[in-house]
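# Fold and contact review
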Amino acid sequence: MSRYFRKLHNISSQYVQWFALGTLGFLMRLVVFSAVFVHQVSPLRDSSFKPTHYNAGSLLPWMQGINEDTWTQGASVLAGLLAINLVFIFWQWSQSSTNAIQKILLLTCWIGVGVIIFISLNWMFLVYLVVQWIAD
């Protein structure tokens, strides 16, 4: 009976790893799509736009209702999802240790790395929004 559960655990673990990699591919496509979308709705694409303080946002009429908080929250959510996915994938790949204490220490280390990845991605996305003059 235990042999069956070990085999089932190995199969489910492989599906989880494939799902995580597929999700990473989806999130990377979403990041690229978001960057292209932000560039397309950027006010800097209009030649008559004069960048001054407090006039961030899109000049498109259907985008006027989206304020800066929505843009920054979207960037934070996207950075968080990407960081969680990357940490989960790296943690799955580093599961060779069998000691429970080592696994807990390794998970703690990966959580710290995830926080660093999140902060880095969040700043990169926010800088991109500022460069595109969507947020100031």
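Residue numbers here run from 1 along each chain, matching the order of that chain's written sequence. It should be noted that, the model being predicted, local features are given only for residues of pLDDT at least 70 and side-chain atom pairs only at 80 or more, the latter also being counted only at that level, while totals for whole chains, interfaces and linings use all residues. Hydrogens and waters are ignored; side-chain quantities use all the structure's heavy atoms.

Another point: the packing of aromatic side chains. Stacked, tilted and edge-to-face pairs are distinguished by plane angle, under 30 degrees for stacked and over 60 for edge-to-face with tilted covering the rest, among Phe, Tyr and Trp rings (Trp via its six-membered ring) whose centres lie within 6.5 Å. Going through the model one piece at a time under the given rule, you end up with 6 aromatic pairs. For the ring pair Phe-37 and Trp-62, a centre distance of 6.5 Å and an interplane angle of 50° mean the geometry is tilted. With Phe-37 in helix α1 (residues 2-40) and Trp-62 in the loop between α1 and α2 (68-93), the pair connects residues that are 25 residues apart, well separated along the chain. Judged by relative accessible area, Trp-62 falls into the exposed class, the value being 60%. Elements are defined by DSSP. Helices are runs of H or I of four residues or more, strands are runs of E of two residues or more, and each kind is numbered from the N terminus. Exposed residues in this analysis have more than 50% of their type's maximum accessible area, buried residues have under 20%, and partly exposed residues fall in between, with area computed by a 1.4 Å probe over protein chains only.

Turning to the nonpolar core, a few remarks are in order. What is meant by a nonpolar core is a set of buried Ala, Val, Leu, Ile, Met, Phe, Trp, Tyr and Cys residues, joined one to another through side-chain atoms within 4.5 Å. In this structure, Trp-71, Leu-82, Leu-121, Phe-125, Leu-129 and Ile-134 are the most contacted members of the largest nonpolar core, which totals 20 residues. Only α1, α2 and α3 (100-131) provide two or more residues apiece to this core. Setting aside anything within four residues of it in sequence, one finds Leu-121 in contact with Ala-79, Leu-82 and Ala-83. For this analysis, residues touch if any pair of their heavy atoms sits within 4.5 Å.

Let us look at α3. In a regular helix each residue adds 1.5 Å, so 32 residues correspond to 46 Å; α3 covers 46 Å between its end C-alpha atoms and thus fits that length. Considered for burial, the residues of α3 that qualify are Trp-110, Gly-114, Ile-117, Leu-121, Asn-122, Phe-125 and Leu-129. Count one or two residues on from α3 and you reach Trp-133, which has phi positive near 65°. The length a helix should cover is 1.5 Å for every residue beyond the first.

Our next topic: the side chain of Gln-92. Here Gln-92 is to be found in helix α2. Taking relative accessible area as the criterion, Gln-92 reaches 17% and is therefore assigned buried. Apart from the residues lying within four places of it in its own chain, the contact partners of Gln-92 are Ser-13 and Gln-17.

Site definitions follow a grid-based scheme: protein atoms alone, a 1 Å grid, a 1.4 Å probe that fits but cannot get out for cavities, and for pockets an open set with protein on both sides within 12 Å along at least five of seven lines, plus lining residues having an atom within 4 Å of a point. Grid points are joined across faces, edges and corners, and a volume is the space filled by probe spheres set on the points. Quantified by volume, the largest pocket comes out at close to 340 Å³. Forming the walls of the largest pocket are 15 residues, and the residues nearest its centre are Ser-34, Ala-35, Val-38, Ala-75 and Leu-78. Those elements that provide at least two residues to the lining of the largest pocket are α1, α2 and α3. Ranked by the residues each element gives to the lining of the largest pocket, the list is headed by α1, at 7 residues.

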